[in-house]
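One-letter residues, chain by chain:
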Amino acid sequence: MSKNIELRCPVCDHPSQQELETYINTRENSQAVADLKNNKLFLFECDQCGAKRQLESQFVYHNPDKNYMLINYPGLYQNQEQALARGQVILKEKISDPRSYQLRLVPSLAYLVEKIQIFEDDLDDRIVEIVKLLTDGLLAKEKQDAQVQGRFFYKQGDQRKILYLLSDDQVLVDFNQSLMDFAIDKFKKATTATVKGQWQVIDQAYAEQLLSK
Ligand SMILES: [Zn+2]
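Fair warning: this is a prediction, and the values are worked out from it, not measured in the lab.

What counts, and at which threshold
- Residues numbered from 1 in each chain as written.
- Predicted model: local features only at pLDDT ≥ 70, side-chain atom pairs only at ≥ 80, totals over all residues.
- Domains from an automatic or database assignment.
- Nonpolar A, V, L, I, M, F, W, Y, C, P; charged D, E, K, R; others polar.
- Axes fitted to C-alpha atoms, helices over the stretch in contact; angles between N-to-C directions.
- Helix = DSSP H or I, 4+ residues; strand = E, 2+ residues; numbered from the N terminus.
- Parallel < 35°, antiparallel > 145°, perpendicular 65-115°, else oblique.
- Left-handed = near helix turned anticlockwise from the far one by under 90°.
- Contact = placed C-beta atoms within 7 Å.
- Pairing = 2+ DSSP bridges.
- Buried ≥ 20, exposed ≤ 12 C-beta atoms within 10 Å, placed from the backbone.
- Right-handed = clockwise from strand over helix to strand, strands pointing away.

A separate point is the domain arrangement of the chain. By domain assignment, the chain separates into domain 1 (1-120) and domain 2 (123-193 + 203-213). Put simply, the middle of domain 1 and the middle of domain 2, counted by C-alpha atoms, are 24 Å apart. Tallied by class, residues from the side of domain 1 that touches domain 2 come to two nonpolar, one polar and two charged.

Structure follows, in structure tokens:
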């Protein structure tokens, strides 16, 4: 499913129409899935001046084979209640029994693609967020004045990495297996609690809250 929007190029102000996906089912929309992973699906390219931008737009990503659903909800942190309500509506429409589903709300395209990589690698995103937080400490020791603007679980071939976006650089750090074992062991209780069938925001703040307990 898709919608048509009218937009203006942020560079030259040229108006154009763009068709944006609103619901992607991995069984039915394999081309959209491939385009999403290649950063092409929400790419705007101005036919006047050639400027390119990734468009942030609300959409649902549904994988019925691995039982997870993601919603990209720009403005999530300012509108969490509306996002949750939207999630409930979509559940009713699309899934007869959501109790076996992992349901995640994310604030942007980059985080949605990260969740896909995590779930397709059969990892627990709660554990991944804890490992990212622990890895921050290692990075801070190595690069003392690094200004981290974002960090993402990232598959490079079959290697698990964390991609750090710094203010002036990008760094790929190994996704450390012993940190993961530690996180699984130390946070067993918190992360085995069943959270399927409920919309959740699993992000840096989630991991910070767990680690501060
Ligand atoms: Zn333009």
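Two elements in contact, helix α4 (residues 125-142) and helix α5 (residues 177-186), have axes separated by 9 Å at closest approach and are oriented at 125 degrees. The orientation of α4 with respect to α5, classified from their angle, is oblique. As for the relative orientation of α4 and α5, their crossing is right-handed in sense. For the pair formed by α4 and α5, the contact residues are Ile127, Ile130, Val131, Leu134 and Thr135 on the first element and Leu179, Met180, Ala183 and Ile184 on the second. Class assignment for the residues of the contact of α4 with α5 results in eight nonpolar, one polar and no charged.

Attention now goes to the sheet that holds strand β12 (residues 199-200). With respect to topology, five strands assemble into an open sheet ordered β3-β6-β7-β8-β12, the strand pairing being mixed. This sheet does not close on itself; its edge strands, each paired only once, are β3 (23-25) and β12. Here strand β8 (residues 102-106) runs beside β12; their pairing, made up of two bridges, is parallel. Its bridge partner being in β12, Arg104 is matched across the sheet by Gln200.

This brings us to the pairing of β8. By the criterion of burial, β8 is predominantly enclosed, with five of the five residues buried. Here β8 shows two buried faces, one formed by Gln102, Arg104 and Val106 and the other by Leu103 and Leu105. Remark: the strand β7 (residues 68-72)/helix α2 (residues 80-94)/β8 crossover connection has right-handed handedness.

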